Amino acid sequence: MEEEPRQPLSRLVLCRGIHCRRRGSGRIFRQIKRQAREQAIILLTVPCFRVCGQAPVLVLYPRGEWYGRVTVQGVRELLQGGTLDRCLIYRMGNAEKKASSNPLPKTPSDLH
Ligand code: FES
């Protein structure tokens, strides 16, 4: 079965909570800021996604994909057209159905 092309990214939401900061979200923030500006991607931050065990956490829109334990290198690759699939923790909406072979939690709160 052929995979659908991925939607281009328009917004990235990065957690800047204490657990994510301890695990490098500051470096990830600076990396995204540098690369996102060139690609017209909006970078937003939140105080905590409440999935701190997955820190650092990044959510991609419009794909509705949540990623945990992301790294500077992973984000760099993502913004160069790569994927962060190894860090996927949750997929919202229609995309969730397509991930049926991957046992994902129903909501982020299931990750606690
Ligand atoms: S501190 Fe980042 S998810 Fe809670």
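Per chain, residue numbering runs from 1 following the sequence as it is written. Reporting in this predicted model follows two pLDDT cut-offs: at least 70 for local features of residues, and 80 or more for side-chain atom pairs to be given and counted; totals over whole chains, interfaces and linings ignore these cut-offs and use all residues.

Colleague: Hey, could you run me through the overall build of the chain in this one?
Modeller: Starting at the N terminus, helices and strands are each numbered in turn, a helix being any DSSP run of H or I of at least four residues and a strand any DSSP run of E of at least two. Scanning the chain from terminus to terminus reveals 4 helices and 5 strands. The order of α-helices and β-strands along the chain, N terminus first, is β-α-α-β-β-β-α-β-α. Any residue whose C-beta has 12 or fewer other C-beta atoms within 10 Å is treated as exposed, any with 20 or more as buried, and any in between as partly exposed, C-beta atoms being built from the backbone. Among the 112 residues that make up the chain, the fraction classed as buried is 27%.

Colleague: What is the right way to read helix α2 (residues 25-39) from this model?
Modeller: Counting along an α-helix, one turn takes 3.6 residues, and residues three or four places apart therefore face a common direction. The span you would expect from a helix comes to 1.5 Å times its residue count less one. Spanning 15 residues, α2 covers 20 Å between terminal C-alpha atoms, matching the ideal 21 Å at 1.5 Å per step. We call two residues in contact when their backbone-placed C-beta atoms lie within 7 Å. Contacts made by the buried residues of α2 are with β1 (11-15), α1 (18-22), β2 (42-46) and α3 (72-79). Phi turns positive one or two residues past the end of α2, at Ala 40, with a value near 55 degrees.

Colleague: Explain unusual backbone geometry here, please?
Modeller: Most peptide bonds take the trans configuration, and most residues that are not glycine carry a negative phi. The amide bond that connects Ala 55 to the next residue, Pro 56, takes the cis arrangement and shows omega of -5 degrees. Mapped onto the elements, Pro 56 comes out in the loop between β2 and β3 (58-61). Residue Pro 62 is reached from Tyr 61 by a cis peptide bond, and omega for that bond is 10 degrees. With respect to the helices and strands, the residue Pro 62 is situated in the loop between β3 and β4 (65-67).

Colleague: Help me out: how do you make sense of the environment of Pro 47 in this one?
Modeller: Following the sequence through the fold, Pro 47 ends up in the loop between β2 and β3. The exposure class assigned to Pro 47 is exposed, which follows from the 10 C-beta atoms found within 10 Å. With 31 residues separating them in the primary sequence, Pro 47 and Arg 16 have C-alpha atoms 5.4 Å apart. Setting aside its immediate chain neighbours within four residues, Pro 47 contacts Arg 16 and Gly 17.

Colleague: Before we go on, may I ask you to explain the sheet that holds β3 in this structure?
Modeller: In sheet architecture, strand pairing relies on hydrogen bonds along the backbone and comes in two forms, parallel and antiparallel. Strands sit in the order β2-β1-β3-β4-β5 across an open sheet of 5 strands; the sheet is mixed. Strands at the two margins of the open sheet, each flanked by one partner only, are β2 and β5 (88-91). Each neighbouring strand pair of the sheet contributes to a mean axis angle of 20 degrees, computed without reference to strand direction. Relative to β5, β4 is paired through 3 bridges, and the arrangement is antiparallel. For Glu 65, the partnering residue across the bridge sits in β5 and is Arg 91. Whenever a helix is involved, its axis is fitted only over the stretch in contact; in every case the axis is a line through C-alpha atoms, and angles between N-to-C directions fall within 0 to 180 degrees. Each of β1 and β2 touches α2; the most contacted strand, β1, lies at about 165 degrees to it. For two strands to count as paired, DSSP must find a minimum of two bridges between them.

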